[in-house]
Amino acid sequence: MAYKINDGCVSCGSCEGECPVGAISQGDGKYEINADSCIECGACAAACPTGSIEL
């Protein structure tokens, strides 16, 4: 199961640079995680200042 960014995202971009496989990109109003590319490492969740990334 891939990580998901919820509506608490403030589009700060902290997560994007932490993803080792480049699965995170800017979407409409918040960042998005490509579920097919996500390796479930949790680096993005640890970097999120709002706690908006969850499994």
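Cut-offs used in this document
Note that residues are indexed from 1 along each chain, following the sequence as it is written. Only residues with pLDDT of at least 70 are given local features in this predicted model, and only at 80 or more are side-chain atom pairs given and counted; all residues enter the totals for whole chains, interfaces and linings. With hydrogens and water set aside, each side-chain value is computed from the structure's full complement of heavy atoms. Secondary structure follows DSSP: runs of H or I at least 4 residues long count as helices, runs of E at least 2 residues long count as strands, and numbering of each begins at the N terminus. Both definitions apply: the radius of gyration is a C-alpha atom measure, and the globule rule equals 2.2 Å times residues to the power 0.38. Partly exposed residues are those whose accessible area sits between 20% and 50% of the maximum for their type, while under 20% is buried and over 50% is exposed, using a 1.4 Å probe and protein chains only. Contact definition: two residues touch when any of their heavy atoms are within 4.5 Å. Residue exposure ignores everything except the shown protein chains as possible cover, and the areas themselves are Shrake-Rupley values with a 1.4 Å probe. Side-chain atoms within 4.5 Å are what join buried Ala, Val, Leu, Ile, Met, Phe, Trp, Tyr and Cys residues into a set we call a nonpolar core. Cysteine sulfur pairs qualify as disulfides if the two atoms are within 2.5 Å.

Caption draft 1: Geometry of the overall build of the protein. Helices and strands together make up the secondary structure of the protein, namely one helix and four strands. Helices and strands appear in the protein in the N-to-C order β-β-β-α-β. In terms of C-alpha radius of gyration, the protein reaches 9 Å, essentially the compact-globule figure of 10 Å for 55 residues. Each principal axis of the C-alpha atoms in the protein carries an extent, and together these give about 25 × 20 × 20 Å. Put simply, the protein has 55 residues, and 31% of those count as buried. For the protein, the proportion of contacts with a sequence separation of at least 24, taken over those separated by at least 6, is 55%. Carbon and sulfur atoms make up 44% of the accessible area of the protein, which totals about 3300 Å².

Caption draft 2: Seen up close, the nonpolar core. Of all hydrophobic cores here, the largest spans 14 residues; its most connected members are I5, C15, I24, I33, C44 and I53. In this structure I33 touches Y3, K4, I5, A23, I24, C38, C44 and I53, once residues within four positions along its chain are discounted.

Caption draft 3: Here's a closer look at the state of the cysteines. As enumerated under the stated definition, the model contains zero disulfides in all. Not engaged in a disulfide, the cysteine C48 finds its nearest cysteine sulfur in C12; these two sulfurs lie 6.2 Å apart. Assessed through its relative accessible area of 16%, C48 is described here as buried.

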